[in-house]
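Reading the structure
Take a look at the letters that make up each chain.
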Amino acid sequence: MNTLSSASSLESVPASAPDARWTVSRVEALYRMPFMDLLFRAQQTHRGHFDPNEVQRSALLSIKTGGCPEDCSYCTQSARHRTETEREALMRVEEVVAAAKEAQAKGATRFCMGAAWRGPKEKDLETVARMVREVKALGMETCVTLGMLKEGQARKLKEAGLDYYNHNVDTDAEFYDQVITTHTHADRLETLAQVRAAGIKVCCGGILGLGESRRNRAAMIAQLANMNPPPDSVPINNLVAMPGTPLAATEKIDRFEFVRTIAAARITMPASWVRLSAGREMMSQEMQALCFFAGANSIFSCDKLLTANNVDIGFDEMLFAKLGLRAV
Ligand code: SAM
Ligand code: DTB
Ligand code: SF4
């Protein structure tokens, strides 16, 4: 009897042909599944594409902090919000390479460099290209997140050896202008198209806990899953409510809803790396374990994210040992 009822709920959202689109309603139906069935299905999908005991670790460095002209309401680096984050100049190449070496020694295999820009100026892009070249020469994978790219800039980054470009859709297109007004959701897609056309792997995901509805969350997941192909890497951030930002007092997302979103990302994007990204510091060990069970297989392992604190590396090592997870 139990087996039957469980099987029927598992089948309530049938697996699709590989090329079928994920409509928002189909993703919403995943969210409505009983939690255990959803996690079981996500874990089955995960095992079909990845070793379930392996988690990739990236390190993150803010190479240009603060003073950003954009008004993203979650971000402490916007010059429009009165926050504790001070504006700093672009770091020097040697400083960045030293930080990458340190991260590599601590086990990171990918080094992600973030800049608080609307988009890079040509001169700055050349400096970042040098950083990419030198970090790549250490034998690490490289990732940058620099905002919107102009014609030709993605190609220059590719020539420098860039592996991934991170550029998030952040939230549902219909909710976007309640969070950001200085650029549009369509602008984000335009940059993503340039990144893909240059042959750079796409790292694209979003943030949960901005005050969006479940439908907004399902629409964001459907949009990512319907990209052709889906992003190689999908960061799912839990809002870090930064003091002084308009979202500082936003109610936290329900933790099971967060895990459901990880599961929905895994089921709809079976071959993508799903990153349990910002916000781990607020999560218990048990919740992080549930996220890994739901299909997350990548984390930021570094003491700091861009400006916010992250879980310290020692904690990650302890948790991996407890769970029998291997870092890759
Ligand atoms: N300026 C570039 C841009 O917006 O693409 C790159 C840096 S931006 C900080 C990179 C991503 O970090 C954002 O798209 C957002 O998803 C995430 N992020 C920023 N602030 C966050 C916060 N307080 N909590 C969670 N995620 C955040
Ligand atoms: C992503 O999706 N999350 C990272 C990375 N890409 C660049 C950034 C998280 C930032 C968290 C808030 C902060 O440190 O200021
Ligand atoms: Fe600037 Fe990026 Fe922060 Fe938006 S998210 S304010 S573009 S640094």
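Before reading further, recall that the structure is shown in the block above.
Every residue gets a number counted from 1 within its own chain, in the order that chain's sequence is written. A letter from A marks each chain and a number from 1 marks each ligand, given out in the order of writing. Only residues with pLDDT of 70 or above have their local features reported here, since the model is predicted, and side-chain atom pairs are shown and tallied only from 80 upward, although totals for entire chains, interfaces and linings are computed over all residues. The basis for every side-chain value is the complete set of non-hydrogen atoms in the structure, without hydrogens or water.

Bringing the site of ligand 2 into the picture now. Only heavy atoms are used to decide nearness, and a residue is near a molecule or strand if one of them lies within 4 Å of it. Around ligand 2 lies a shell of 14 residues, among which Asn168, Asn237, Leu306, Thr307 and Ala308 are the nearest. In the analysis that follows, any N or O atom pair within 3.5 Å is treated as a polar contact, provided that within protein one partner can donate a hydrogen and the other can accept it, and provided that, for residues neighboring in sequence, both atoms belong to side chains. Within the side chain of Ser277, an N or O atom sits 3.5 Å from a nitrogen atom of ligand 2. Separating an oxygen atom of ligand 2 from a side-chain N or O atom of Thr307 is a distance of 2.6 Å. Protein contacts shield 88% of the accessible area of ligand 2, which totals 400 Å² for the unbound molecule. All accessibility values rest on the Shrake-Rupley procedure with a 1.4 Å probe; residue burial counts only the protein chains present in the view.

A few words on the nonpolar core. Ranked by size, the top nonpolar core spans 88 residues in total, and within it Phe111, Leu157 and Phe258 carry the most contacts. Only DSSP runs of H or I with at least four residues qualify as helices, and only runs of E with at least two residues qualify as strands; both kinds are numbered from the N terminus onward. Here this core gets seven residues from one element, more than from any other, and that element is helix 9 (residues 255-268). Two residues form a contact once any of their heavy atoms are found within 4.5 Å. Those residues in contact with Phe258, other than ones at most four positions away along the chain, are Leu208, Ile236, Asn237, Asn238, Ile253, Leu276, Met283, Met287 and Cys291. Among the nonpolar cores identified, the runner-up in size contains 10 residues, and Tyr74, Tyr176, Ile180 and Leu210 belong to it. Nine residue types can take part in a nonpolar core, namely buried Ala, Val, Leu, Ile, Met, Phe, Trp, Tyr and Cys, and a core is a set of them joined through side-chain atoms within 4.5 Å. Exposure is judged per residue with a 1.4 Å probe applied to protein chains only, and the accessible area is read against the type maximum: over 50% gives exposed, under 20% gives buried, and values in between give partly exposed.

Okay, the pairing of strand 8 (residues 273-276) next. Two strands qualify as a pair provided DSSP detects at least 2 bridges between them. Here four bridges tie strand 7 (residues 233-238) to strand 8, and the two strands are oriented parallel to one another. Residue pairing for strand 8: Val234 is matched across the bridge by Val274. Each parallel crossover has a hand, and the one from strand 7 via helix 9 to strand 8 is right-handed. Pairing geometry for strand 8 and strand 9 (residues 298-300), over two bridges, is parallel. Following the sheet pairing, Arg275 is matched in strand 9 by Ser298. Crossover handedness is defined here as right-handed if the route from the first strand over the helix to the second strand goes clockwise, with the strands pointing away from the viewer. For the crossover from strand 8 across helix 10 (residues 285-293) to strand 9, the handedness is right-handed.

Looking now at the state of the cysteines. A pair of sulfur atoms, both from cysteines and within 2.5 Å, is called a disulfide here. Evaluated as defined, the whole model comprises zero disulfides. Take Cys291: it sits in no disulfide, and the sulfur closest to it among the cysteines is that of Cys203, at 17 Å. As a non-bridged cysteine, Cys302 has Cys112 as the owner of its nearest cysteine sulfur, 9.0 Å distant.

The next point concerns empty space enclosed by the protein. Grid points spaced at 1 Å and placed over the protein atoms alone form the basis of the search, with a cavity being a set where a 1.4 Å probe fits but cannot get out and a pocket an open set showing protein on both sides within 12 Å along at least five of seven lines. Lining residues have an atom within 4 Å of a point. Grid points are joined across faces, edges and corners, and a volume is the space filled by probe spheres set on the points. This model, assessed by the stated rule, comprises one cavity of 30 Å³ or more. One number sums up the size of the largest cavity: a volume of about 930 Å³. Tyr74, Cys75, Gln77, Asn168 and Leu306 are, among the 44 residues lining the largest cavity, the residues nearest its centre. When residues of the lining of the largest cavity are traced back to their parent elements, those giving at least two are strand 1 (54-64), strand 2 (110-115), strand 3 (141-145) and strand 7. Examining the composition of the lining of the largest cavity, we find that four residues originate from one element, strand 2, more than from any other. Charged means Asp, Glu, Lys or Arg here, nonpolar means Ala, Val, Leu, Ile, Met, Phe, Trp, Tyr, Cys or Pro, and polar covers whatever is left, Gly included. Considered class by class, the residues forming the lining of the largest cavity number 23 nonpolar, 15 polar and six charged.

The next subject is the environment of Ala42. Residue position: Ala42 is located in helix 3 (residues 35-49). Owing to a relative accessible area of 0%, Ala42 belongs among the buried residues under this scheme. Taking the C-alpha atoms as reference, Ala42 lies 26 Å from Ala108; in sequence the two are 66 residues apart. Those residues in contact with Ala42, other than ones at most four positions away along the chain, are Ala263, Arg266, Ile267 and Ala294.

Lining the immediate surroundings of ligand 3 are Cys68, Glu70, Cys72, Tyr74, Cys75, Ser78, Ala116 and Trp117. Of all the cavities here, the one that holds ligand 3 is the largest cavity. Across the shell around ligand 3, the residue classes tally to six nonpolar, one polar and one charged. Think of it this way: a molecule belongs to a cavity or pocket when more than half its atoms come within 2 Å of the grid points there.

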